[in-house]
2 protein chains.
Amino acid sequence: MEEGTSESPSSADVTYSCSALQWDIREGCEVRQILDRVADKWSLMVISLLGHQTLRFTELKREIEGISQRMLTVTLRHLERDGLIERTVHPVVPPRVDYALTDLGCGLIETIQSLVRWTEGNQEAIVRARLEFDARQAAAAIAT
Amino acid sequence: MEEGTSESPSSADVTYSCSALQWDIREGCEVRQILDRVADKWSLMVISLLGHQTLRFTELKREIEGISQRMLTVTLRHLERDGLIERTVHPVVPPRVDYALTDLGCGLIETIQSLVRWTEGNQEAIVRARLEFDARQAAAAIAT
DNA sequence: CCGTATCCTCCTGGATACTG
DNA sequence: CAGTATCCAGGAGGATACGG
């Protein structure tokens, strides 16, 4: 497992005061780490799927088409380490492992939804901004 | 500029229905893209700094210790493209360029704060979960 | 079934040097 | 001052094969 154990290998521990958001961003700061987890390519998929129900490894893999076995394992371990999901091993053959959201994980879903709603409410504006921006770029390129 | 122009180079356009979060995650979906922007290593720093006041390029670079000139430029372009910040070039010598948050950007700050508050409110639980997890890992490793 | 171990590729992002 | 261009190292993540 080479992914970097969230131990924050970089020793640069600079502190910035960001009063607009009322927090200090440090390398390896909590906020940063949670944000990284939230923005992780697969984490949100897993969290949202487990929002409905408990699922086992293979079921998750089947639902999340495109994820590799390795990345599903890695993602699940991260979420488990952070206490967002719970892993239950049933001592049967063939092995059966269930994954479920913890209370902490449920709370995160609530929070994320506000971000999602904001995005949905403003995505038209964003798309429009991008089109305008790209148009300006293109115009500038032609002028060269 | 090799960073991938958000044009979504991957043609895999799979759709999953995630009713827990009430949205479809597609490769290149809007929600994903905004989330990526929010979780970007430097974006939040820039946004929060511009939350107070208009700043120029060098001022931002000075405030965000550790950022390279290239990454500041890239980050600013992305935010500008999405309509979150506004870039004003003053035709003077030496050149002066001001960056300010747009209304859209201000709205994003509001939204992010709920995530930040959640993180702050739960970071003790998360740290505790990690310690327990790591302890279990260590115990399992010794047992080998 | 549920992983872990290994390899290998591509992308991100830092360092550096150069322009208007 | 405010970038752009180029090069390059390191890590994320996919494919594959194997183990309990």
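Quick notes on the rules
Residues numbered from 1 in each chain as written. Chains lettered and ligands numbered in written order. Predicted model: local features only at pLDDT ≥ 70, side-chain atom pairs only at ≥ 80, totals over all residues. Heavy atoms only, no water. Near = heavy atom within 4 Å. Polar contact = N/O pair within 3.5 Å; in protein donor to acceptor, adjacent residues only side chain to side chain. Helix = DSSP H or I, 4+ residues; strand = E, 2+ residues; numbered from the N terminus. Nonpolar A, V, L, I, M, F, W, Y, C, P; charged D, E, K, R; others polar. Pairing = 2+ DSSP bridges. Axes fitted to C-alpha atoms, helices over the stretch in contact; angles between N-to-C directions. Parallel < 35°, antiparallel > 145°, perpendicular 65-115°, else oblique. Left-handed = near helix turned anticlockwise from the far one by under 90°. Contact = heavy atoms within 4.5 Å. Least-squares fit on C-alpha atoms with pLDDT ≥ 70 in both. Buried area = accessible area lost by both parts, 1.4 Å probe. Salt bridge = Lys/Arg side-chain N within 4 Å of Asp/Glu carboxyl O.

Another aspect to go through is the protein's contact with DNA strand C. Around DNA strand C there are 21 residues in total, and Thr58, Arg87 and Tyr99 of chain A together with Arg70 and Met71 of chain B lie nearest to it. Near the protein, within 4 Å, the atoms of DNA strand C are sugar or phosphate in 56% of cases. For DNA strand C, a base nitrogen lies 2.7 Å from a polar atom in the side chain of glutamine 69 of chain A. Listed by contribution, the elements that provide at least two residues to the surface near DNA strand C are helix H3 (57–63), helix H4 (69–81) and strand S5 (96–101) of chain A together with helix H4 (69–81) of chain B. The element that contributes the greatest number of residues to the surface near DNA strand C is H4 of chain A, accounting for four residues. Class assignment of the residues belonging to the surface near DNA strand C gives a composition of eight nonpolar, four polar and nine charged.

Let's shift gears to the sheet that holds strand S3 (residues 55–56) of chain B. Residues and elements named next belong to chain B. Spatially, S3-S5-S4 is the arrangement adopted by the three strands of the open sheet, whose pairing is antiparallel. Of all strands in the sheet, those bounded by a partner on one side alone are S3 and strand S4 (85–90). Bridge analysis of S4 against strand S5 (residues 96–101) gives six bridges, and the strand direction is antiparallel. When the sheet's bridge partners are listed, threonine 88 is paired in S5 with aspartate 98.

For the rest of this paragraph, the subject is the packing of helix H2 (residues 43–52) of chain B against helix H5 (residues 103–143) of chain B. When two helices pack together, their arrangement is given by the angle between their axes and by how far apart the axes lie. All names here are of chain B. Running from N to C, H2 and H5 point in directions that differ by 115 degrees, and their axes come no closer than 10 Å. Overall, the two elements H2 and H5 adopt an arrangement that is roughly perpendicular. In the packing of H2 onto H5, the handedness of the crossing is left-handed. Here H2 contributes Leu44, Ile47, Ser48 and Gly51 to the contact with H5, which in turn contributes Leu108, Ile109 and Ile112. Looking at the contact of H2 with H5 residue by residue, the class counts come to five nonpolar, two polar and no charged.

Turning next to the protein's contact with DNA strand D. Around DNA strand D, a shell composed of 21 residues is seen, among which Arg70 and Met71 of chain A together with Thr58, Arg87 and Tyr99 of chain B lie nearest. Counted by atom, the contact set of DNA strand D within 4 Å of the protein is 62% sugar and phosphate. The contact in question runs from a phosphate oxygen of DNA strand D to an N or O atom on the side chain of arginine 77 of chain B, over 3.1 Å. Between a phosphate oxygen of DNA strand D and a side-chain N or O atom of arginine 87 of chain B, the distance comes to 2.5 Å. Sorting the residues of the surface near DNA strand D by element identifies H4 of chain A together with helix H3 (57–63), H4 and S5 of chain B as the ones contributing at least two each. With four residues, H4 of chain B is the largest single contributor of residues to the surface near DNA strand D. In the surface near DNA strand D, the residues fall into eight nonpolar, four polar and nine charged.

The next thing to look at is the relation of the copies chain B and chain A. Superposing chain B onto chain A takes a rotation of 180 degrees combined with a translation of 0.0 Å along the rotation axis, leaving an RMSD of 0.1 Å. Taken together, the rotation and translation describe the operation of a two-fold axis. Distance from the rotation axis, computed per C-alpha, reaches its smallest value in chain B at alanine 39 of chain B: 2.9 Å.

Our focus in this paragraph is the interface of chain B and chain A. On the chain A side, the residues contacting the 58 residues of chain B number 57 residues. Counting each side, the surface lost to burial between chain B and chain A is near 5500 Å², with a carbon and sulfur contribution of 67%. Where chain B meets chain A, there are four salt bridges. Of the charged contacts, one joins aspartate 134 of chain B and arginine 81 of chain A as a salt bridge, the two residues approaching to 2.5 Å between their closest N and O atoms. Linking chain B to chain A there are 12 residue pairs in polar contact (both at pLDDT 80 or more). Sorting the residues of the side of chain B that touches chain A by element identifies strand S1 (16–18), strand S2 (23–25), helix H1 (30–39), H2, H4 and H5 of chain B as the ones contributing at least two each. Looking at the side of chain B that touches chain A, the element that brings in the most residues is H5 of chain B, giving 23 residues. Of the residues in the side of chain B that touches chain A, the class split is 27 nonpolar, 15 polar and 16 charged.

Geometric descriptors of this kind do not, in isolation, establish any biological role.
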